[in-house]
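# Structural overview for review
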Amino acid sequence: MSAVPNVLLNNGVEIPQLGFGVFQIKPADTVEAVTKALEIGYRHIDTAQMYGNEKEVGQAIAQSGLDRSEIFVTSKLNNNQHGYDDALTAFDKTLSDLGLEKVDLFLIHWPLATVRNFVDTWKAFETIYSEGRSRSIGVSNFQPHHLRSLHEQTTVPPAVNQIEVHPYLTQEPLRAFDDEHGIKTEAWSPIAQGKVLDDPTITAIAKEYDKTPAQVVLRWHVQHGSIIFPKSVTPERMKENFEIFDFELAPADMGSISALNKDERTGPDPDVFDYVPA
């Protein structure tokens with residue numbers, strides 16, 4: 001099985017390009033799922049305060065027998081914890097719940113620009129980073145105008161921008177903006193919650209390479225340079241998602257998949273999303 005390559009972030013930290021996401025995995029199922037992912041070979045776990053399963057992620061890591069330095073751990077700030085002081089307090093709880101002294105990456109989950117001041121929140125992230133309690137900091141669901149605000153009003157640039165990307169929402173202008181500013185793109189919902197897997201173009205390419213449609217789409221992301229963390233609780237699917245580094249899509253096939261773009265989201269529009277839990 002081919003090794004997962006690392007991606008170099010703008011502060012010199014390396015992140016595995018393929019990770020395991022725990023979005024929508026129930027806390028009761030999380031220890032088993034993360035344990036299996038680590039057994040398969042995943043060394044990058046993506047969680048969030050909003051997912052409600054940080055404690056279980058931490059438990060699985062503690063029980064794994066792996067050295068902490070071998071596992072890249074990402075979490076994200078809950079929408080109701082924006083603001084300088086609240087963000088610092090929430091981060092303390094993330095470390096406590098995970099049972100870790102530091103995380104590898106901490107993200108602002110949503111900009112919430114219509115209801116919160118993400119610049120003040122980012123300044124708390126800069127403090128966390130300067131203290132060495134998160135090896136890198138980044139954002140999620142930020143548009144270019146959000147990123148420009150950070151560039152203009154803060155000091156530390158985001159290391160990553162985690163956004164919805166898949167063949168039906170290729171986000172080429174935003175990915176290009178990230179690249180131009182030294183920000184690595186992470187792609188959530190990489191297979192559009194399964195919606196792209198029956199697409200005739202993708203199924204035909206999968207047949208040509210003797211791979212599954214999911215493997216072809218994940219490989220498309222990898223060749224674009226994106227960092228991905230598909231979610232599954234099925235061991236066979238988790239293993240399948242891991243086996244995407246032993247083939248390469250031809251440029252024509254990469255183009256055919258990109259041409260499927262229809263700017264179709266599976267999740268909210270970041271410019272208007274304003275959900276803040278009570």
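Treat the numbers as computed from the prediction; the structure is a model and nothing was measured. (Residues numbered from 1 in each chain as written. Predicted model: local features only at pLDDT ≥ 70, side-chain atom pairs only at ≥ 80, totals over all residues. Heavy atoms only, no water.)

In this section: the overall build of the chain. Helix and strand content of the chain: 10 helices and 10 strands. Here the C-alpha coordinates of the chain stretch approximately 55 × 45 × 35 Å along the principal axes. Among the 278 residues that make up the chain, the fraction classed as buried is 54%. Within the chain, contacts between residues at least 6 apart in sequence are counted, and of these 75% link residues at least 24 apart. When the accessible surface of the chain is totalled, it reaches about 11800 Å², and 47% of it is carbon and sulfur. (Helix = DSSP H or I, 4+ residues; strand = E, 2+ residues; numbered from the N terminus. Buried < 20%, exposed > 50% of the residue type's maximum accessible area, 1.4 Å probe, protein only. Contact = heavy atoms within 4.5 Å. Areas by Shrake-Rupley, 256 points an atom, 1.4 Å probe, with all protein chains shown as cover.)

A few words on the packing of helix H7 (residues 200-209) against helix H8 (residues 213-224). Taken N-terminus to C-terminus, the directions of H7 and H8 make an angle of 95 degrees; their axes are 8 Å apart at the nearest point. Classified by the angle their axes make, H7 and H8 are roughly perpendicular. Residue-level contacts link Ile 202, Thr 203, Ile 205 and Ala 206 of H7 to Pro 213, Val 216 and Val 217 of H8. Taken together, the residues of the contact of H7 with H8 break down into six nonpolar, one polar and no charged. (Axes fitted to C-alpha atoms, helices over the stretch in contact; angles between N-to-C directions. Parallel < 35°, antiparallel > 145°, perpendicular 65-115°, else oblique. Nonpolar A, V, L, I, M, F, W, Y, C, P; charged D, E, K, R; others polar.)

Positive phi values are uncommon outside glycine, yet Ser 189 reaches one of about 50 degrees. Within the element layout of this structure, Ser 189 appears in the loop between strand S9 (184-188) and H7. If you check the backbone angles, Asp 263 has positive phi at about 50 degrees while not being a glycine. In this fold, Asp 263 is placed in the segment after helix H10 (251-258).

Backbone hydrogen bonds are what pair the strands of a sheet, in a parallel or an antiparallel way. Strands sit in the order S3-S4-S5-S6-S7-S8-S9-S10 across an open sheet of eight strands; the sheet is parallel. On the outer flanks of this sheet lie strand S3 (20-21) and strand S10 (227-228), each paired with one strand and no other. Across three bridges, strand S4 (residues 44-46) lies against strand S5 (residues 72-77) in parallel orientation. Along S5, the bridge assignment pairs His 44 with Phe 72. Here helix H3 (residues 84-98) sits on the sheet in contact with S5 and strand S6 (105-108), set at roughly 140 degrees to S5. (Pairing = 2+ DSSP bridges.)

Inspection of the entire model under this criterion finds 11 aromatic pairs. Ring pairing ties together the aromatic residues Phe 91, Phe 106, Trp 122 and Phe 125, which thus form one cluster. The residue whose ring lies beneath Arg 219 is Phe 247, and the NZ or CZ to ring-centre distance is 6.0 Å. The ring of Tyr 168 has Lys 262 sitting right over it, with the charged end atom 4.1 Å from the ring centre. (Phe/Tyr/Trp six-rings, centres within 6.5 Å; stacked < 30°, edge-to-face > 60°. Lys NZ or Arg CZ within 6 Å of the ring centre and 35° of its normal.)

This part is about helix H1 (residues 27-40). Relative to the 20 Å expected for 14 residues at 1.5 Å per residue, H1 spans 20 Å between its end C-alpha atoms, a close match to the ideal helical length. Residues of H1 that are buried: Thr 30, Val 31, Ala 33, Val 34, Ala 37, Leu 38 and Ile 40. Buried residues belonging to H1 abut S3, S4, helix H2 (54-63) and helix H9 (235-242). Gly 41 sits one or two residues past H1 and shows a positive phi near 135 degrees. (Expected span 1.5 Å × (residues − 1).)

Glancing now at the pairing of S9. Most of S9 sits out of view: four of its five residues are buried. Here strand S8 (residues 160-164) runs beside S9; their pairing, made up of five bridges, is parallel. Bridge pairing in S9 links Ile 163 to Ala 187. In this region the chain leaves S8, passes through helix H6 (residues 172-180) and returns to the parallel neighbour S9; the handedness of that crossover is right-handed. Here S9 pairs with S10 via two bridges, running parallel. (Right-handed = clockwise from strand over helix to strand, strands pointing away.)

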